[in-house]
Amino acid sequence: MQTLPVKAKIYLLVIWLAALLTAGWAMRMPMPSINAQSWEEILFAVLAVFAYGKKIVLIRQSGEKDSGTMSLGSIITFAALLRLGPHGALAVGVVGCLSSCLYPHCQRGFQIAFNVAVAALSSWLAGLFFLWLNANALELHPVRSIPAVAAASLVYFLINTGATAVVIGLCTGQKSFPFWRDNFLWTAPGYFIGAGIGALVAVACGSGSWLLLVCVTPVAWLTYQAYAVTTGRAHERQKHIESLANLYLGTIQSLALAIDAKDQYNHQHILRVQRYAVALAKQMQLPEHLVEAVNTGALLHDIGKLGVPDYVLLKPGRLNEEEFEKIKKHPEIGAAILESVEFPWPVLPVVRSHHERWDGAGYPDGLKGEEIPLTARVLAVADVYDALTSSRAYRTAWTSEAALEELMRASGSQFDPAVVAAFVEIARSISVELLRSDKPVPDAVPGGAIVKAGDAARQIQRASSELWALYEVAQTLSSSLGLQETLEILGRKLEAILPGTACLFLLREAAEDKLVVRVAVGLNSEFFGGASAANLTSLSLAVATHRETYRGVYDAEDLLLTSSQSAQWEPLKAALIVPIVHQGEVLGTINLYHPEPAAFSPHDQQLLETISERAAMALYNGLLFDRTRSHANTDPLTGLYNFRYMTQQVDDLCTAADPHGDSLALLCLDLDSFKPINDNFGHQKGDQVLRDLADIFREAVRENDIVARYGGDEFLIALRGASAAEARSMSHRLHAAVLAYDPGLHHEELGALRLGVSIGFGCFPADGSDCTALISAADSRMYRQKTQRKLGRLAEVRSDEALPVELTLEEVSAPRLILRDAA
């Protein structure tokens, strides 16, 4: 009893209290005069004990032991009422009911107490009504007693069936009156017939109780046998019908699950829609056959997608107009597929019309308002609500509140206002119930069918997910060329396919024994970014070396991780590492990690190996593309950017800059006394000097500044956001750095060789608005200073600067050659 709802417990207490009051009432009320002997009461009680054990099943609930029944003892009780009065009927009813509760199967205590209490109430009140309408006498009159018997049998019937229906309704959450109407009302003729037979026998036999019993007992027995045989056969037919119905619904659900599993984003969509739609239909109090139509139609409403191409169904983004036209055909296709099926409910209108709109702008038939079948209007609201609250590739799932607001906004245009209003009333409760439910499946389908259908659906979903994953990868590989871009997109796709994982792409560096994380997404990405294989025995490097996939426990010693002060490490327990191989060359590995042990299945391994195989060529091409792009923008000797790259970057900076607030300085550097190095020590040594100076220039500037080789022994440096004063200061530092550089060259005649540098600069916007203008200004100042120095008109160097006086004219110069006598 502890598991019963509170309302049910209160109701039971009320029934028990009423029974106690009835017993007290019976003890205080004087008995009417009867002609029966005391042994007759004992005989009626004995007959009741045997008769109450014979039950006729009224309702059977599949899979449950408890069923609604009517005892044959009710006829004995009513006969006792006519012969012994209310007091005798009360005693006979209680004794007979108690015996049936204890044997052959003993009921639970609260059930025994409830049944006995109801038997006492119905017997006593039926007897009182009989006396009241029969002039307070037990003698039967051919005319006067007929209404009394009818009224007594009505009271007896209502109390017995009504009390039972109420308690079942309170325990199951059903409405009591509809439940009583559907399951008990049809039993009324049996009560009236039994009461009528007892009354006619009593009238015919007069006051001879033995004759009454002799006549009543065979009639009652034959009635029971006939009724038992009839209900037994009816029950067998009902079981057969239920079995066929379960098979029928199981077949429907299996087909629906197979269709549903093909959609990567909408998995279990039809089951959720079914739950919403059926709850909405019941909320609107639709007739039972329409509720069943909604129940089945919800399962099959997307069956027409069998006629829609997979590339449209699996497309992760929004559909174009042509693709949407293909999708719009699925209601017609679905109705055509199901047209030959003889459903016991109107299912076809649900499937065909669930995309019609209240304002007539829907498809496929353009129905409007009440022209749209009510069942289709119900399904339309449930379908759109689930679509809004589910994730898509192009958007995240809406909250329930936002989805309900959208439904209310579209009420009267897209949806039937009455249907929307009803759905809003139940949306929150049904959503919570669905979240708590692990398997939102129809109760009518047998459990075994659910399991088998679910397993098959998972197999289909896996195949679909593999196809979808390959489609996503193909899209990624066909739309990107750069290596980093390709890796980042693939990482996001893998995270979507296998959510809740850490996804890493490790690529080989120039050295064969080093793997570095180029992209990390998902769990712990802050720690994995920039990580590398820990040592030569690391797990990832072993996978790459042996070209064999690893699926097992996560190895914390595999990678050297980076630190993160803002993120918190999520412990990992499972790993799946697949090599990336292209034409025999190992490019790297794809590493997946998960916080749950044994999280990756053989299917996941097969899927990742397939993706790795498809992605290998694209990654190889990405590497080639990045190398080619790097060569196109890089000076091969020094590793600096080339003149082409510098021109493009400076022009872009000037175009994006604000002439009234932004600034940019471009320095032009020309080495002095570099030619003697090539002439006396060879071009190889000269190339090494250029590489050394390139490193010096890179270290001298800021990270976001650009250093490029102009050509020969000339260099360009773009200083972002630099003014003329800042450019002049940088020129000082660069000049000092070149003077401090010792190339380690000693000539027998010239002695130790040192280099100098001449520097000029142009500033945006004062000297021009593009790279050509800025280079021209910088060159002009630099070469004017060089020319003046060559002609011997060099200014003396100020004592507080290591540069010529011409620096005030925005030029920088240096001695062409500094000779130190070895002697």
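A quick note: this is a predicted structure, and the numbers were derived from the prediction, not measured. (Residues numbered from 1 in each chain as written. Predicted model: local features only at pLDDT ≥ 70, side-chain atom pairs only at ≥ 80, totals over all residues. Heavy atoms only, no water.)

## Points about the overall build of the protein
Here is step 1: In terms of regular secondary structure, the protein is built from 27 helices and 17 strands.
Here is step 2: Counting over 823 residues, the protein shows a buried share of 47%.
Here is step 3: Taking all contacts inside the protein whose residues are at least 6 apart in sequence as the whole, residues at least 24 apart take part in 66%.
Here is step 4: As displayed, the protein has an accessible area near 40600 Å², and 57% of this comes from carbon and sulfur atoms. (Helix = DSSP H or I, 4+ residues; strand = E, 2+ residues; numbered from the N terminus. Buried < 20%, exposed > 50% of the residue type's maximum accessible area, 1.4 Å probe, protein only. Contact = heavy atoms within 4.5 Å. Areas by Shrake-Rupley, 256 points an atom, 1.4 Å probe, with all protein chains shown as cover.)

## Regarding the confidence of the model for the protein
Here is step 1: Scored by pLDDT, the protein comes out at a mean of 79, with 76% of its residues at no less than 70.
Here is step 2: Taken together, the stretch residues 435-454 has pLDDT below 50 and engages in 27 contacts with residues farther than four places along the chain or on a different chain.
Here is step 3: Low pLDDT, under 50, characterises residues 793-823; the predicted model gives this stretch 78 contacts beyond four residues in sequence or across chains. (pLDDT = per-residue confidence, 0-100.)

## Looking at helix α26 (residues 724-740)
Here is step 1: Across its 17 residues, α26 extends 24 Å between first and last C-alpha, which sits within 8% of the 24 Å expected from 1.5 Å per residue.
Here is step 2: When we look at burial in α26, the residues that qualify are Ala-727, Met-730, Ser-731, Leu-734, His-735 and Val-738. Take α26 and look down its axis: the buried residues cluster within an arc of 140 degrees, on one side only. (Expected span 1.5 Å × (residues − 1). Arc of directions from axis to C-beta.)

## Regarding unusual backbone geometry
Here is step 1: Along the chain, Tyr-363 connects to Pro-364 via a cis peptide bond; the corresponding omega equals 15 degrees.
Here is step 2: Inspection of the secondary structure assignment puts Pro-364 in the loop between α14 (348-353) and α15 (374-388).
Here is step 3: Phi angles above zero are rare outside glycine, and Gln-285 is one such case at about 55 degrees.
Here is step 4: Here Gln-285 shows up in the loop between α9 (269-283) and α10 (288-300).
Here is step 5: Of note in the backbone geometry, Arg-547 takes a positive phi value of approximately 55 degrees without being a glycine.

## Some words on the pattern of salt bridges
Here is step 1: For the structure on display, the rule yields 16 salt bridges.
Here is step 2: The shortest N-O distance in the salt bridge between Lys-675 and Asp-679 comes to 2.7 Å. Of the two residues, Lys-675 and Asp-679 are both situated in helix α24 (residues 675-681); the distance of four residues between them amounts to about one turn of the helix.
Here is step 3: Given the relative accessible area of 57%, Lys-675 is considered exposed.
Here is step 4: Shared partners join several salt bridges into a network, and the residues in it are Glu-332, Arg-352 and Asp-365. (Salt bridge = Lys/Arg side-chain N within 4 Å of Asp/Glu carboxyl O.)

## Regarding the state of the cysteines
Here is step 1: For the structure on display, the rule yields zero disulfides.
Here is step 2: No disulfide involves Cys-106; its nearest neighbouring cysteine sulfur is the one of Cys-101, lying 8.5 Å away. (Disulfide = S-S within 2.5 Å.)

## Let's talk about the packing of aromatic side chains
Here is step 1: Scanning the model with the defined rule gives 17 aromatic pairs in all.
Here is step 2: Aromatic side chains Tyr-554 and Tyr-593 sit 4.9 Å apart centroid to centroid with 80 degrees between the ring planes, which places their arrangement in the edge-to-face category. With Tyr-554 in the loop between β6 (550-553) and β7 (559-560) and Tyr-593 in strand β9 (residues 585-594), this pair connects stretches of sequence that are 39 residues apart.
Here is step 3: With a centroid separation of 3.9 Å and an interplanar angle of 15 degrees, the aromatic rings of Tyr-641 and Tyr-645 are classed as stacked. (Phe/Tyr/Trp six-rings, centres within 6.5 Å; stacked < 30°, edge-to-face > 60°.)

## Focus: the side chain of Thr-634
Here is step 1: Here Thr-634 shows up in the loop between α22 (602-633) and α23 (643-656).
Here is step 2: A relative accessible area of 18% means that Thr-634 is categorised as buried.
Here is step 3: Not counting the four nearest positions on each side in its chain, Thr-634 is found in contact with Gly-639, Leu-640, Tyr-641 and Asn-642.

## Overview of the nonpolar core
Here is step 1: Phe-44 and Phe-130 are the most contacted members of the largest nonpolar core, which has 34 residues in total.
Here is step 2: For this core, the element with the highest residue contribution is helix α3 (residues 73-102), accounting for 11 residues. (Core = buried A, V, L, I, M, F, W, Y, C linked by side-chain atoms within 4.5 Å.)

## Regarding the packing of helix α25 (residues 683-700) against α26
What describes two packed helices is the angle between their axes and the distance between those same axes.
Here is step 1: Running from amino to carboxyl end, α25 crosses α26 at an angle of 145 degrees, the nearest separation of the two axes being 10 Å. At the point where α25 passes α26, the crossing takes the right-handed sense. Only Met-730, Leu-734, Ala-737 and Val-738 of α26 make contact with α25, whose side of the interface consists of Leu-693, Ile-696, Phe-697 and Ala-700.
Here is step 2: In terms of residue class, the contact of α25 with α26 is built from eight nonpolar, no polar and no charged. (Axes fitted to C-alpha atoms, helices over the stretch in contact; angles between N-to-C directions. Left-handed = near helix turned anticlockwise from the far one by under 90°. Nonpolar A, V, L, I, M, F, W, Y, C, P; charged D, E, K, R; others polar.)

## Considerations on the packing of α3 against helix α4 (residues 109-133)
Here is step 1: As a packed pair, α3 and α4 sit with axes 9 Å apart at the nearest point and diverge in direction by 175 degrees. As the angle between them shows, α3 and α4 are arranged roughly antiparallel.
Here is step 2: Across the contact of α3 with α4, the residue classes tally to 19 nonpolar, six polar and no charged. (Parallel < 35°, antiparallel > 145°, perpendicular 65-115°, else oblique.)

## Quick notes on the side chain of Ser-99
Here is step 1: Assignment of secondary structure puts Ser-99 in helix α3.
Here is step 2: By relative accessible area, Ser-99 is classed as buried at 19%.
Here is step 3: In this view, Ser-99 contacts Val-49 and Tyr-52; residues no more than four positions away in its chain are not counted.

## Comments concerning a nonpolar patch on the surface
Here is step 1: Among the surface-exposed residues, Ile-42, Val-46, Val-49, Phe-50 and Val-95 lie close enough to one another that they form a single nonpolar patch of about 450 Å² accessible area.
Here is step 2: Here the nonpolar patch gets four residues from one element, more than from any other, and that element is helix α2 (residues 38-52).
Here is step 3: Within the secondary structure layout, Val-95 lies in helix α3. (Patch = residues over 30% accessible without salt bridge, like charges linked within 9 Å, V, L, I, M, F, W, Y side chains within 5 Å.)

## Some thoughts on the pairing of strand β8 (residues 574-582)
Here is step 1: For β8, the buried fraction is high: eight of the nine residues fall into the buried class.
Here is step 2: As defined by bridge partners, β6 adjoins β8 across four bridges and the pair is classed as antiparallel. If you follow Val-553 over to β8, its bridge partner there is Ala-574.
Here is step 3: Alignment of β8 against β9, held across nine bridges, turns out to be antiparallel. Paired with Pro-579 across the bridge in β9 is Thr-589. (Pairing = 2+ DSSP bridges.)

## Structural notes on the environment of Ala-80
Here is step 1: Checked against the element boundaries, Ala-80 lands in helix α3.
Here is step 2: The buried category is assigned to Ala-80, whose relative accessible area is 0%.
Here is step 3: Distance in space between the C-alpha atoms of Ala-80 and Gly-127 is 9.7 Å, their sequence separation being 47 residues.
Here is step 4: Excluding anything up to four places from it in sequence, Ala-80 contacts Phe-44, Gly-85, Ala-89 and Val-92.

## Observations concerning helix α1 (residues 6-28)
Here is step 1: Relative to the 33 Å expected for 23 residues at 1.5 Å per residue, α1 spans 33 Å between its end C-alpha atoms, a close match to the ideal helical length.
Here is step 2: Its buried side turned inward, α1 meets α3, α4 and α5 (145-172).

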